[in-house]
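In case you want the letters, here they are:
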Amino acid sequence: MTERKGKRATTPDAHLRGGAADGGATRTLALLFPPSGAQGDYPPVQLAFIGGVAETATTYGYDLLLTPCKSGQDPSFRRMASERRVDGVIIMEVRREDDRIEYLIDTAFPFVAIGRNRRTDAVGWVDLDFAGLAGGCVQHLIDLGHSNIAFVNKSEQIFNSAYGYARLCSEGYTEAMTERALTPRAYPCGDDVPAGEDVVARILLDDPGTTSMVVTNEAALEGIYRGLTRHGRSVPRDFSVVGVAASRWAEQVSPPLTASEIPAKEMSRIAVDLMMERLTVPTAAPRHVLLKPLITLRASTAPCRSAPDGEPEFAGF
């Protein structure tokens with residue numbers, strides 16, 4: 001279930017399907033989507049977005065051009081826009097300072113964004129309330145009696161590249177902890193199993209009394225679970241884990257992860273709907289759709305069990 005903030009997204013009337021922008025020259029949309037995988041590839045959650053955009057574009061009678069463009073200086077990107085090879089652009093992996101957006105605004109090229117920064121206020125966008133989701137994960141753990149809560153983010157490279165979601169998740173976690181007079185401890189983590197094992201070692205070295213964590217790095221989940229097992233922590237008996245993750249990732253670890261869903265298909269559909277609205281009525285005020293999925297309770301969190309000295313209690317059942 002997804003909670004929406006702001007104006008509710010609506011599906012265009014049936015007569016617009018397949019004919020929203022009949023004056024368009026190409027009947028093609030572009031999706032700007034640079035790969036975010038550690039090896040320069042597309043992880044499953046990105047592929048879900050790509051598939052969702054392509055599927056929805058087809059219902060409107062549009063083809064999809066996928067480009068891994070991550071810079072507004074990319075020659076192929078500039079050719080695509082200047083020569084009007086597509087009717088509109090959907091942009092993803094939005095950074096806080098993003099020259100792709102600057103170029104599209106400067107050239108008055110129609111686009112919408114999955115994600116947002118200060119410059120996207122003038123256009124339509126759909127995004128997740130990442131700060132709110134991270135804060136909600138902290139609150140869930142606090143409700144279970146946890147107070148020593150670590151945070152595992154995306155890699156330092158992604159964080160320093162100013163991708164919005166990595167910064168917003170960190171800010172939401174930190175704010176939720178400081179508001180409750182708790183000490184925030186955030187850790188960058190690479191997108192693979194060894195990085196997940198390593199981050200657990202760092203967390204427990206810094207504070208062996210840590211009893212829980214918030215994770216926004218799906219690709220490291222398996223390694224995090226392995227690391228906890230290696231250090232004698234049983235999930236959720238001794239250590240609780242909650243995160244922001246697509247159900248595919250959340251359900252493939254054991255025990256399944258309690259998490260807020262990343263609704264890739266819904267976000268993709270909304271983005272294409274917003275694009276069609278933009279092409280159909282260019283003068284209409286842009287719509288902004290902020291989604292806040294609810295936490296799905298699975299099996300990775302439980303009430304905190306701490307020994308009197310603050311160390312986790314590892315007694316058997």
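Right above here is the structure, for reference.
Residues numbered from 1 in each chain as written. Predicted model: local features only at pLDDT ≥ 70, side-chain atom pairs only at ≥ 80, totals over all residues. Heavy atoms only, no water.

## Notes on the pairing of strand β7 (residues 149–152)
Looking along a regular strand, one sees the side chains alternate between the two faces of the sheet.
Part 1: Neither face of β7 is open: one carries Ile149 and Phe151, the other Ala150 and Val152, and all of them are buried.
Part 2: Pairing analysis gives four bridges linking β7 to strand β9 (residues 212–215), with the strands arranged parallel. Residue pairing across strands places Ile149 opposite Ser212, the latter belonging to β9.
Part 3: Where β7 meets strand β8 (residues 185–187), three bridges bridge the pair, whose relative direction is parallel. (Buried < 20%, exposed > 50% of the residue type's maximum accessible area, 1.4 Å probe, protein only. Helix = DSSP H or I, 4+ residues; strand = E, 2+ residues; numbered from the N terminus. Pairing = 2+ DSSP bridges.)

## Digging into the pattern of salt bridges
Pairing is possible between side chains that carry opposite charge, provided their charged atoms lie close to one another.
Part 1: This structure, assessed with the given rule, holds 18 salt bridges.
Part 2: Linking Asp99 and Arg95 is a salt bridge whose minimum nitrogen-to-oxygen distance equals 3.9 Å.
Part 3: The exposure class of Asp99 is partly exposed, given its relative accessible area of 29%.
Part 4: Here Arg180 and Glu179 are joined by a salt bridge, their closest N and O atoms 3.9 Å apart.
Part 5: Beyond isolated ion pairs, a larger network of salt bridges with shared partners links Arg95, Asp98, Asp99 and Arg100. (Salt bridge = Lys/Arg side-chain N within 4 Å of Asp/Glu carboxyl O.)

## Observations concerning the side chain of Arg237
Part 1: In this structure, Arg237 sits in the loop between α8 (221–230) and β10 (240–244).
Part 2: Look at Arg237 and you get buried, because its relative accessible area is 19%.
Part 3: Within polar-contact distance, the side chain of Arg237 engages the side chain of Asp238 at 3.1 Å. (Polar contact = N/O pair within 3.5 Å; in protein donor to acceptor, adjacent residues only side chain to side chain.)

## Things to note about the sheet that holds strand β11 (residues 258–260)
Part 1: With mixed pairing, the six strands of this open sheet are ordered in space as β8-β7-β9-β10-β11-β13. At either end of the open sheet lies a strand with only one pairing partner, and these are β8 and β13 (295–296).
Part 2: Lying over the sheet, helix α6 (residues 164–179) contacts β7 and β8, oriented at roughly 170° with respect to β7. (Contact = heavy atoms within 4.5 Å. Axes fitted to C-alpha atoms, helices over the stretch in contact; angles between N-to-C directions.)

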